[in-house]
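Below, each chain spelled out in residue letters.
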Amino acid sequence: MILKNLKTVEGKIISIEINGSKIAKVYDGITSEGENMEGKLVTPALVDSHAHLDSNFLLDVCKEAETPKFIEALKALLECKSKLSADEIYKLAKKSLYYYISHGTLYIRTHIMIDDTLDRLKYIARLKEEFKDILQIQIIGFVQSYSYFDDNVEENIYKSLEIADGVGGQPHLQPSREDGIGMIKKIFDSVEGKDKLLDFHADFADDPETKFSEVIISETLKRKMQGKVSLSHVTAMHSYNEDYFRRYLKWLKESKINVIVAPITALEESGAFENYPKRRGIARVLDLISEGVNVALGHDDIQNHLNPYGVGDMLQSGFILAISSYMYFSSYAKTIFDLMTYNGAKAQLIKNYGIYEGADANLVIYNSTNPLDALREIKPRRMVISKGKIVYESNINEELKVNVD
Ligand SMILES: [Zn+2]
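Residues take numbers from 1 onward in each chain, read along the sequence in its written order. With pLDDT at 70 or above as the cut-off, local features in this predicted model cover only qualifying residues; side-chain atom pairs require 80 or more to be listed or tallied, and sums for whole chains, interfaces and linings still use all residues.

- The name given to the chain in an unreviewed UniProt entry is Amidohydrolase family protein, with the source organism recorded as Sulfurisphaera javensis.

1. Considerations on the sheet that holds strand β13 (residues 363-365)
Now for step 1: DSSP calls a pair of strands paired once it identifies at least 2 bridges connecting them. The helix count covers DSSP runs of H or I at least four residues long, the strand count covers runs of E at least two residues long, and both are numbered beginning at the N terminus. The seven strands lie next to each other as β3-β2-β1-β4-β13-β14-β15, forming an open sheet whose pairing is mixed. Sheet topology places β3 (22-28) and β15 (389-393) at the edges, where each strand pairs with a single neighbour. Between one strand axis and the next, the sheet turns through 35° on average, direction left out of account.
Now for step 2: Alignment of β13 against strand β14 (residues 383-386), held across three bridges, turns out to be antiparallel. In this description, a line fitted to the C-alpha atoms serves as the axis of each element, helices being fitted only across the stretch in contact, and the angle between N-to-C directions of two axes falls anywhere from 0 to 180 degrees.

2. Considerations on the nonpolar core
Now for step 1: By definition, a nonpolar core groups buried Ala, Val, Leu, Ile, Met, Phe, Trp, Tyr and Cys residues that are joined through C-beta atoms within 7 Å. Exposed residues have 12 or fewer other C-beta atoms within 10 Å of their own C-beta, buried residues have 20 or more, and residues in between are partly exposed; the C-beta atoms are placed from the backbone. Within the largest apolar cluster, 111 residues are counted, with the highest numbers of intra-cluster contacts made by Val259, Val261 and Ile336.
Now for step 2: Per-element tally for this core: the top contributor is helix α2 (residues 86-102), with seven residues.
Now for step 3: Domain limits in this description derive from either an automatic procedure or a database domain assignment. Counting only domains with at least three residues in this core, you end up with domain 1 (2-44 + 355-393) and domain 2 (46-347).
Now for step 4: Whether two residues are in contact is decided by their C-beta atoms, placed from the backbone, lying within 7 Å. When neighbours within four sequence positions are excluded, valine 261 is seen to be in contact with Ala266, Ile282, Ala283, Val285, Val295, Leu297 and Leu321.

3. Examining the domain arrangement of the chain
Now for step 1: When the domains of the chain are assigned, the result is domain 1 (2-44 + 355-393) and domain 2 (46-347).
Now for step 2: Contacts between domain 1 and domain 2 engage 16 residues on the former and 21 residues on the latter.
Now for step 3: Listed by contribution, the elements that provide at least two residues to the side of domain 1 that touches domain 2 are β4 (35-44), α13 (371-377), β14 and β15.
Now for step 4: By residue number, the principal contributor to the side of domain 1 that touches domain 2 is α13, which donates four residues.
Now for step 5: Under the grouping applied here, Gly and all other residues not named as nonpolar or charged are polar, the nonpolar ones being Ala, Val, Leu, Ile, Met, Phe, Trp, Tyr, Cys and Pro and the charged ones Asp, Glu, Lys and Arg. Taken together, the residues that form the side of domain 1 that touches domain 2 break down as eleven nonpolar, three polar and two charged.

4. Examining the pairing of strand β6 (residues 105-113)
Now for step 1: Most of β6 sits inside the fold, with nine of its nine residues counted as buried.
Now for step 2: Taken together, the four bridges between strand β5 (residues 46-51) and β6 define a ladder with parallel strand orientation. Along β6, the bridge assignment pairs valine 47 with tyrosine 107.

So this is what it looks like as structure tokens:
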């Protein structure tokens, strides 16, 4: 199969030949053979670096919290999850995979709650296996609740590593700073000598004194785990004073830790306990990027207590990032695409990723011709190709037809 007349995020016209599951050749310009894609934007498949497959579509089966406060919403979400069987969670997760695929997201890092049971993890691992020829799911065993001190949790961390690609937790939800530090060290201990990844829900708070990521940075350096650790959210960074932030940034870069931002939930959850003016806290993406930190993007929850609006589309996440992070120069549209493609691939250590001869033929073709229009318009994707096969296609009318007579 040859797809001709495609435009890269850099604005270059190319044609792509696909043979089996691989890209056989990339041609400059428009080939004589092949299906004409009319100059539409093409990227490698999108990478969602922060998802919760075991929490998607919970509002299909459970009620919303009575108040829109984050803490109430989290409580309702955890209650809902504890009531559902692993099979029910599996079905909701499977439904969400069709959303991801139609949006061109073929790489997902998902955190799966392991506090009380490993059943969810086992069922999501089954889903991963069933869908492995279409999309790649990376599983992080996740201590989600406040229950770190329950007897089973530590055992579950170790057991989860027999199935999961890595582990993580929420140190800022523990009773004291010492407890949070203890949790971080134990989680690092659990992957010692194993080829595993770490991804913490780190400093997901407004309080500028919430500083667990400095401990994670320190452990990453001491244990030589550079490149294998990620910090998700880090919204407290928004509130750090400049003096602290600049020292912190130096070590963040040194540790080669990936920072994963999920702007939709960051905005929904920040400022919950404040009167106006309320904080709209989000990690300092432009400062991180300019310092050379690898920043990746996540969509986070789909239609649950924490995000009833989610549809799992990375373009929505990219749009909200642009609006919330002062990325309003049009040139930032390309940067945003980097966050949800190559930077995500770097964080997840994805192999054979990109548009080059020999890469996996996992591609998205948009119904827009450049990154800025794609983020403005958020149209259904023109085509999604997974391992050389077309797994989603739409052909929408490009003309704007307004009847005002
Ligand atoms: Zn999360």
